[in-house]
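Below are the chains, spelled out letter by letter.
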Amino acid sequence: MKIPTRLRIALFALASLGLLQPGVAAAPAATPVHDGQHDFDFNIGTWKTEIRRLVKPLSGSHTWVTYSGTHTVRKVWDGRADLGELEITGTSGSVKGQHIEDAALRLYNSDAHQWNVYLGSSRSGTLGAPMVGEFKDGIGVFINQDSYDGRTVLVRDVWSKITPTSCHNEWAYSDDGGKTWEVNWIADDTRIE
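Residues numbered from 1 in each chain as written. Predicted model: local features only at pLDDT ≥ 70, side-chain atom pairs only at ≥ 80, totals over all residues. Heavy atoms only, no water.

### Some details on the overall build of the protein chain
Rule in force here: Helix and strand definitions here come from DSSP, where helices need a minimum of 4 consecutive H or I residues and strands a minimum of 2 consecutive E residues; each element is numbered from the N-terminal end. Burial classes: relative accessible area under 20% of the type maximum marks a residue as buried, over 50% as exposed, and values in between as partly exposed (1.4 Å probe, protein chains only). Two residues form a contact once any of their heavy atoms are found within 4.5 Å. Computed with the Shrake-Rupley method and a 1.4 Å probe, the accessible areas treat only the protein chains shown as cover for residues.
Scanning the protein chain from terminus to terminus reveals one helix and ten strands. Reading the helices (α) and strands (β) of the protein chain from amino to carboxyl end gives α-β-β-β-β-β-β-β-β-β-β. Across the 193 residues of the protein chain, 32% fall into the buried class. The long-range fraction of contacts in the protein chain, counting pairs at least 24 apart against all pairs at least 6 apart in sequence, stands at 40%. On the protein chain, roughly 11900 Å² of surface is accessible, and the fraction owed to carbon and sulfur atoms is 56%.

Here you go:
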C-alpha cells in the first residue's frame with residue numbers, strides 16, 4: 001500500500017516532534033486537579049446561626065434541642081486557612097440558657113488539595129484530630145475517626161446549600177464504618193450584613 005506524499009510528510013513531522021511513536025498509544029490527557037484553597041471563602045464574614053442538636057446520638061433518641069447565636073469567620077494566610085468562632089446559646093429543652101463557645105481552624109494542604117479542619121472548645125481548651133476532606137460540585141465533605149460514649153465512630157461534616165447569603169452544615173456519626181450515618185447537628189447560617 002502506497003502512502004500519499006502529504007500523509008508521509010505529516011507523519012514524519014509528528015514523529016520528529018515526538019508526538020508519534022509507533023506501537024505506543026497516546027496517553028489520555030490528565031484531568032486538572034482542583035485547587036481548592038479558596039473553597040471556604042464563601043464562609044468569611046459574620047453569620048446568624050440557628051442550630052439543632054440531637055441530645056443523645058447513636059442511642060435511638062429523637063430528642064432535639066436548639067441553639068441560636070453567631071458564627072464569625074476570618075481569612076488567614078490569604079485564604080489558605082480560616083478561623084471560625086461560634087458563640088451560641090441554648091433556646092430549648094434542657095439546654096435553654098446554656099452558652100457554648102467553639103472554634104474551627106481550617107488549613108488547606110496544597111499538596112493533597114484537601115482541607116484539614118481542627119475543632120476546639122472553650123470547655124476542653126484543646127484541638128481535636130483534624131477532619132480531612134474537600135469540596136466537589138459545591139458540597140464539602142470532611143471525615144475523621146473519633147470516639148463517642150466510649151466507642152469508636154466516624155464523624156462526617158458536610159457543607160451544602162451554599163449561596164452568597166446562606167449555607168447549611170450537618171454533622172453525622174457512624175458506628176458501622178460508614179455504612180449508615182446519623183445526623184446529630186444541623187446548622188443553618190444567614191449572613192449578617
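Next comes the rest of the account.
### Comments concerning the pairing of strand 5 (residues 114-121)
Inclusion rule: When DSSP locates at least two bridges between a pair of strands, those strands are taken to pair.
With eight bridges joining them, strand 4 (residues 99-109) and strand 5 adopt antiparallel strand pairing. Counterpart to A103 in the pairing with strand 5 is G120. In textbook terms, the turn of a hairpin is the stretch between consecutive antiparallel strands, and for strand 4 and strand 5 this stretch comprises four residues, one of which, H113, has a positive phi near 60°.

### Quick notes on unusual backbone geometry
The phi dihedral of L58 is positive, around 60°, even though this residue is not glycine. Structurally, the position occupied by L58 is in the loop between strand 1 (45-54) and strand 2 (64-76). Overall, the relative accessible area of 18% leaves L58 in the buried class. For D149, which is not glycine, the phi dihedral falls at a positive 55°. Within the element layout of this structure, D149 appears in the loop between strand 7 (139-148) and strand 8 (151-160). By relative accessible area, which is 68% here, D149 ends up exposed.

### So, the nonpolar core
Note the following rule: In plain words, nonpolar cores are sets of buried Ala, Val, Leu, Ile, Met, Phe, Trp, Tyr and Cys residues tied together by side-chain atoms within 4.5 Å.
Ranked by size, the top nonpolar core spans 25 residues in total, and within it F40, I51, Y67, I88, F142, W159 and W185 carry the most contacts. Residue contacts for F40: discarding those within four places in its chain leaves D82, R106, W115, F135, F142 and W159.

### Side note on the side chain of D157
As a reminder of what qualifies: For the charge count, each Lys or Arg is scored as positive and each Asp or Glu as negative, with His and the chain ends excluded. Throughout this description, the term salt bridge denotes a Lys or Arg side-chain nitrogen within 4 Å of a carboxyl oxygen of Asp or Glu.
Counting through the fold element by element, D157 comes out in strand 8. For the buried D157, no salt bridge is present, and the opposite-charge side chain at shortest range is R106, 6.0 Å distant. In this structure D157 touches M131, G140, V141, F142, N169, E170 and W171, once residues within four positions along its chain are discounted.

### Observations concerning a nonpolar patch on the surface
Operational definition: In this scheme, patches are assembled from residues that exceed 30% relative accessible area and form no salt bridge. Like charges are connected within 9 Å, while nonpolar side chains (Val, Leu, Ile, Met, Phe, Trp, Tyr) are connected within 5 Å.
Taken together, the side chains of I139, V141 and I143 present a nonpolar region at the surface, about 200 Å² in accessible area. Tracing the sequence through the fold places I139 in strand 7.

### Remarks on the environment of K161
With respect to the secondary-structure elements, K161 resides in the loop between strand 8 and strand 9 (166-174). Spatially, the C-alpha atom of K161 lies 9.4 Å from that of D188, the residues being 27 residues apart in sequence.

### Brief notes about the side chain of R106
Where we set the bar: Here a polar contact is taken to be a pair of N or O atoms separated by no more than 3.5 Å, where protein atoms must pair a possible hydrogen donor with a possible acceptor and residues adjacent in sequence count only if both atoms sit in side chains.
By secondary structure assignment, the location of R106 is in strand 4. You can call R106 buried: its relative accessible area is 4%. Within polar-contact distance, the side chain of R106 engages the side chain of D82 at 2.7 Å.

### Describing the sheet that holds strand 9
Each strand in a sheet pairs with another by means of backbone hydrogen bonds, the pair being arranged parallel or else antiparallel. Our working definition: In this description, a line fitted to the C-alpha atoms serves as the axis of each element, helices being fitted only across the stretch in contact, and the angle between N-to-C directions of two axes falls anywhere from 0 to 180 degrees.
Ordered by their spatial adjacency, ten strands build a closed barrel running 1-2-3-4-5-6-7-8-9-10, and the pairing between neighbours is antiparallel. Adjacent strand axes in the sheet meet at a mean angle of 25°, parallel and antiparallel pairs treated alike. Examined bridge by bridge, strand 7 and strand 8 share nine bridges and lie antiparallel to one another. When the sheet's bridge partners are listed, N144 is paired in strand 8 with V155.

From the geometry alone we can't say anything about function, so treat these as descriptive.
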